[in-house]
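If you want the building blocks of each chain, they are given just below.
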Amino acid sequence: MEFTSPINQIISQLEKIQSFNARDPLDDTRKYLETMSLQLSGKKESVAMIEELNIPMENYQIPIRIYRPKGKTTQKSSAIVYIHGGWFIAGSFETHDAVVRKLANKTGSAVIFVDYRLAPEHPFPAGLNDCIDIVKWIIDHAESLGIDKDQIGIIGDSAGGALSTSVSTQIGELLRFQVLIYPAAGNQLNTKSWEIYETGPVLNKEGGIQAWKWYHPEGNSHPDPLAVPILIKDFKNTPSTLVFIAEHDALRDEGETLAQNMKEAGIPVDIRFYKDMVHGFMHMGEVLNEVEQVAGEIAAFAHQQLEIAIEKEG
């Protein structure tokens, strides 16, 4: 397979990453994602304000960050719930900070980043429940947050794409749109794209198998479609969805299958195929111009869907 010069540059940089003082493979994965994001994301945009809150649940708290975009003065802002990737076992405020800042400014929406519980400490459905609970919490507290509860969308990348898909099948009537960025949709890792990209770049099959075991231990014998969205048959109230697929990505085929399943279920789906790109390219703004392009496409889609929602309300 042939990669472009910028992608080769990224692959070379990724090969040099050493996770500092990693205690075990899980810690190594978490530190690797943090290091990759810090090295490749590029300059972070300034936003108007970032608020950190801990949302109390029955016997634990869910941390969230609210990113307010620059130049936004309206009383009631539209909002986007962002669900991060990291194989369900990694990812944090810091790994996605640059991406979320850019999306807040591009879309003009407050972006609410959910720091959901991770496997293996908290396997499925803990993380999914956190994401559902936060969407409901935002709706219930929209007025005090300065958010229009009728103008909320959701974005998920990679594992976050799987979580977002499942959130939408459960409470999609509360959401105006959905964006899935190279979603992790299947747990079998037996597609043609997994065969081609078994050892990378970015993802590898061995790590993927382990991550799914940690996240959904019953996945091979009793897979739950809410954990493995490629198995979802009923997309219920899923809103209009935009899906981004990367060419050189082990998750390419399962992402395309998920998008096709949604289409066949009657969900309006727009698929954007990014030639030459690798998994996780949204973290690579230091090298890739495509990050800016995707952010612009997401903003245009969000604005279009929110305008449609306003017209329907009217």
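Refer to the structure above for everything that follows.
## Observations regarding the side chain of Ser-37
Then, in step 1: With respect to the helices, strands and loops of the structure, Ser-37 is situated in helix α2 (residues 25-40).
Then, in step 2: Within the structure, the side chain of Ser-37 is placed 3.1 Å from the backbone oxygen of Thr-95, a separation counted as a polar contact.
Then, in step 3: Those residues in contact with Ser-37 that lie beyond four places of it in its chain are Thr-95 and His-283.

## Quick notes on the environment of Lys-76
Then, in step 1: Following the sequence through the fold, Lys-76 ends up in the loop between β2 (61-68) and β3 (77-83).
Then, in step 2: Relative accessible area serves as the criterion here: at 53%, Lys-76 is assigned to the exposed category.
Then, in step 3: Remark: the alpha-carbon pair of Lys-76 and Ile-147, spanning 71 residues in sequence, is separated by 4.7 Å.
Then, in step 4: Here Lys-76 is in contact with Gly-146, Ile-147 and Asp-148, once residues within four sequence places are set aside.

## A look at the environment of Pro-69
Then, in step 1: Counting through the fold element by element, Pro-69 comes out in the loop between β2 and β3.
Then, in step 2: Relative accessible area serves as the criterion here: at 3%, Pro-69 is assigned to the buried category.
Then, in step 3: Along the primary structure Pro-69 and Ala-119 are separated by 50 residues, whereas in three dimensions their C-alpha atoms are 31 Å apart.
Then, in step 4: Excluding residues that lie within four positions of it along the chain, Pro-69 makes contacts with Ala-48, Ala-104, Asn-105, Gly-108, Ser-109 and Ala-110.

## Section: the packing of helix α1 (residues 5-15) against α2
Then, in step 1: Relative to each other, α1 and α2 sit at 135°, their axes nearing to 11 Å. Looking at the two axes, α1 sits oblique to α2. Crossing of α1 over α2 shows right-handed handedness. Counting all contacts with α1, which are made through Ile-10, Gln-13 and Leu-14, the residues of α2 involved are Tyr-32, Met-36, Gln-39 and Leu-40.

Parameters at a glance
- Residues numbered from 1 in each chain as written.
- Predicted model: local features only at pLDDT ≥ 70, side-chain atom pairs only at ≥ 80, totals over all residues.
- Heavy atoms only, no water.
- Helix = DSSP H or I, 4+ residues; strand = E, 2+ residues; numbered from the N terminus.
- Polar contact = N/O pair within 3.5 Å; in protein donor to acceptor, adjacent residues only side chain to side chain.
- Contact = heavy atoms within 4.5 Å.
- Buried < 20%, exposed > 50% of the residue type's maximum accessible area, 1.4 Å probe, protein only.
- Axes fitted to C-alpha atoms, helices over the stretch in contact; angles between N-to-C directions.
- Parallel < 35°, antiparallel > 145°, perpendicular 65-115°, else oblique.
- Left-handed = near helix turned anticlockwise from the far one by under 90°.

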